[in-house]
Amino acid sequence: MFQLVQNYRTGEIELVNVPIPNCGSNSVLVKNHFSLVSIGTERSIIELGKKSLLGKARARPDLVKRFLDKAKKEGFLKTFQEALGRLDNPVPLGYSSAGVVVEVGKNVHKFSVGDKVACVGAGYAAHAEYITVPENLCCKIPENVSFEEASFGMLGIIALHGIRCANLTFGERVAVIGLGLIGLLTVQILKAYGCVVAGFDIDPSKVDLAK
């Protein structure tokens, strides 16, 4: 099968031919029909991979701190070699997709072969012909929802999580700052909740789209 991967050391993106993954006992094997290309998160990951080692360090100070903490405990050379080794490992791209279940693990009871499912999760719902996904990261697709629409599942989850973190109640007035894809989904979910929504963006075209 074909899968899209990136080498983090060089930043190169390749479409590689790899074996179909094995289906674990708590997972389902899915034949993808659509996978979502994220122009925000995914683009930033790709751009980070293309930076030099110094550029990567400047862009991710959190990882530098983890590196230094580990180096203090295990030694700089060993930690540096491990870091380079990880950079050379191909990283699968993608985190939101939709397809059909072709195999289920022995401990899986919510899904059957032939079910149409939306799948989420970095490292699972990748840009690949076949993926293995834990049972709790899949959801059956309603009959009136297409594979293409269902492949946006992770973005809907992100929007919904933000709303839940705000502890909102019915009828509240809410401001959504930024009307990109996540912002537009947030606006629609809030309206469905019965909230009064005000949306803001510095791009007039996004405001028009939100209207």
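**Student:** Would you explain the packing of helix 6 (residues 153-165) against helix 7 (residues 181-192) in this entry?
**Tutor:** Relative orientation and spacing of two packed helices are given, respectively, by the angle between their axes and the distance between those axes. Interaxial distance between helix 6 and helix 7 falls to 9 Å at its minimum, and their mutual angle equals 60°. Between helix 6 and helix 7, the angle falls in the class oblique. As helix 6 runs across helix 7, the sense of the crossing is right-handed. The residues of helix 7 that touch helix 6, namely those facing Leu155, Gly156, Ile158, Ala159, Leu160 and Ile163, are Leu181, Ile182, Leu185, Thr186, Ile189 and Leu190.

**Student:** Explain the nonpolar core to me, please; I cannot follow it from the model alone.
**Tutor:** For soluble globular proteins, the rule of thumb is that nonpolar side chains tend to be buried together. With 13 residues, the main nonpolar core has Val28, Val30, Phe111, Val117, Cys119, Ile131 and Cys138 as its most contacted residues. Those elements that provide at least two residues to this core are strand 3 (27-35), strand 6 (116-120) and strand 7 (130-134). Those residues in contact with Phe111 that lie beyond four places of it in its chain are Val28, Val104, Val117, Glu135, Cys138, Cys139 and Lys140. Counting residues in each nonpolar core, the second largest holds eight residues, with Val174, Val176, Leu179 and Val187 among its members.

**Student:** Would you explain the pattern of salt bridges in this entry?
**Tutor:** Applying the stated criterion to the full structure yields one salt bridge. In this structure, Asp115 engages Lys140 in a salt bridge whose closest nitrogen and oxygen atoms are separated by 3.9 Å. Of this pair, Asp115 sits in the loop between strand 5 (96-104) and strand 6 while Lys140 sits in strand 8 (residues 138-140), and the two are 25 residues apart along the sequence.

Conventions we followed
Residues numbered from 1 in each chain as written. Predicted model: local features only at pLDDT ≥ 70, side-chain atom pairs only at ≥ 80, totals over all residues. Heavy atoms only, no water. Axes fitted to C-alpha atoms, helices over the stretch in contact; angles between N-to-C directions. Helix = DSSP H or I, 4+ residues; strand = E, 2+ residues; numbered from the N terminus. Parallel < 35°, antiparallel > 145°, perpendicular 65-115°, else oblique. Left-handed = near helix turned anticlockwise from the far one by under 90°. Contact = heavy atoms within 4.5 Å. Core = buried A, V, L, I, M, F, W, Y, C linked by side-chain atoms within 4.5 Å. Buried < 20%, exposed > 50% of the residue type's maximum accessible area, 1.4 Å probe, protein only. Salt bridge = Lys/Arg side-chain N within 4 Å of Asp/Glu carboxyl O.

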